[in-house]
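Structural features, examined
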Amino acid sequence: ALDAAEGLKRLGIDVGCPIPIQQCCARRVLTMAFIEGFKITDVDRLPPGTDREAICLPLVDAFAALAFEVGLIHGDPHPGNVFAERLETRRYRAALLDWGIVQRMSDSERVGAARWVVAVLAQDRVLYVRALQELGFVFEQNAHPDSQAFQSFVELSMGSCGWMFR
């Protein structure tokens, strides 16, 4: 959580991230500062005329920057862990809560993940398979790239991932 908060601040991304209260944390307990707000999906709680895009676009930037620049993946980003935080200025911003489930990515994993995203966006089957292999996926020896079964797997899995980037 601290790495996420520091990364967002360093990168100038206006998304809140509560700081852990170290004296109240243990190996299996994460206690974080309180953030005043509500689930980001409760849009009816926002004042009329609030620019929802201005709240959400930095959130997209935050997820991408945390993954590809900081190497952190928030493992539980459901609406209850993504808040609309009310600031003292009476404006709202997104806030990422509950950093209890985090995956750290090495530099090589970040590159592989970036290639995977590019492959999905470009619908490039060859790059898609290479990116998955870079990320540690192992295909059966009889999974020949020219076989209909393998091509179907790639098409279906790429199509299943594509919705995330549209």
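For the structure itself, look to the data block above.
Residues numbered from 1 in each chain as written. Predicted model: local features only at pLDDT ≥ 70, side-chain atom pairs only at ≥ 80, totals over all residues. Heavy atoms only, no water.

All right, on to a nonpolar patch on the surface then. Taken together, the side chains of Leu 121, Trp 163, Met 164 and Phe 165 make up a nonpolar region of the molecular surface, amounting to roughly 450 Å² of accessible area. For Trp 163, the position within the fold is in the segment after helix H5 (148–162). (Patch = residues over 30% accessible without salt bridge, like charges linked within 9 Å, V, L, I, M, F, W, Y side chains within 5 Å. Areas by Shrake-Rupley, 256 points an atom, 1.4 Å probe, with all protein chains shown as cover. Salt bridge = Lys/Arg side-chain N within 4 Å of Asp/Glu carboxyl O. Helix = DSSP H or I, 4+ residues; strand = E, 2+ residues; numbered from the N terminus.)

This paragraph deals with the pairing of strand S3 (residues 82–86). Burial of S3 is extensive: four of the five residues sit out of reach of the surface. Where S3 meets strand S4 (residues 92–96), five bridges bridge the pair, whose relative direction is antiparallel. In the strand pairing of S4, Glu 85 is matched with Arg 93. Taking the residues between adjacent antiparallel strands as the criterion, S3 and S4 are bridged by five residues, where Arg 90 takes a positive phi near 75°. (Buried < 20%, exposed > 50% of the residue type's maximum accessible area, 1.4 Å probe, protein only. Pairing = 2+ DSSP bridges.)

Here we come to the side chain of His 74. With respect to the element layout, His 74 can be found in strand S2 (residues 72–74). Note on His 74: relative accessible area 7%, which makes it buried. A polar side-chain atom of His 74 sits 3.0 Å from the main-chain amide nitrogen of Asp 76. Polar side-chain contacts of His 74 include one of 2.7 Å to the backbone oxygen of Leu 97. (Polar contact = N/O pair within 3.5 Å; in protein donor to acceptor, adjacent residues only side chain to side chain.)

Further remarks concern the pattern of salt bridges. Considering all chains together, one arrives at seven salt bridges under this definition. A salt bridge links Asp 107 to Arg 110, with the nearest nitrogen and oxygen atoms 3.4 Å apart. Here Arg 110 and Asp 107 lie together in helix H3 (residues 107–122), a separation of three residues that amounts to about one turn. Overall, the relative accessible area of 56% leaves Asp 107 in the exposed class. If you follow the salt bridges from partner to partner, you end up with Asp 14, Glu 85, Arg 91 and Arg 93 in one network.

So yeah, pure geometry; function would need other evidence.
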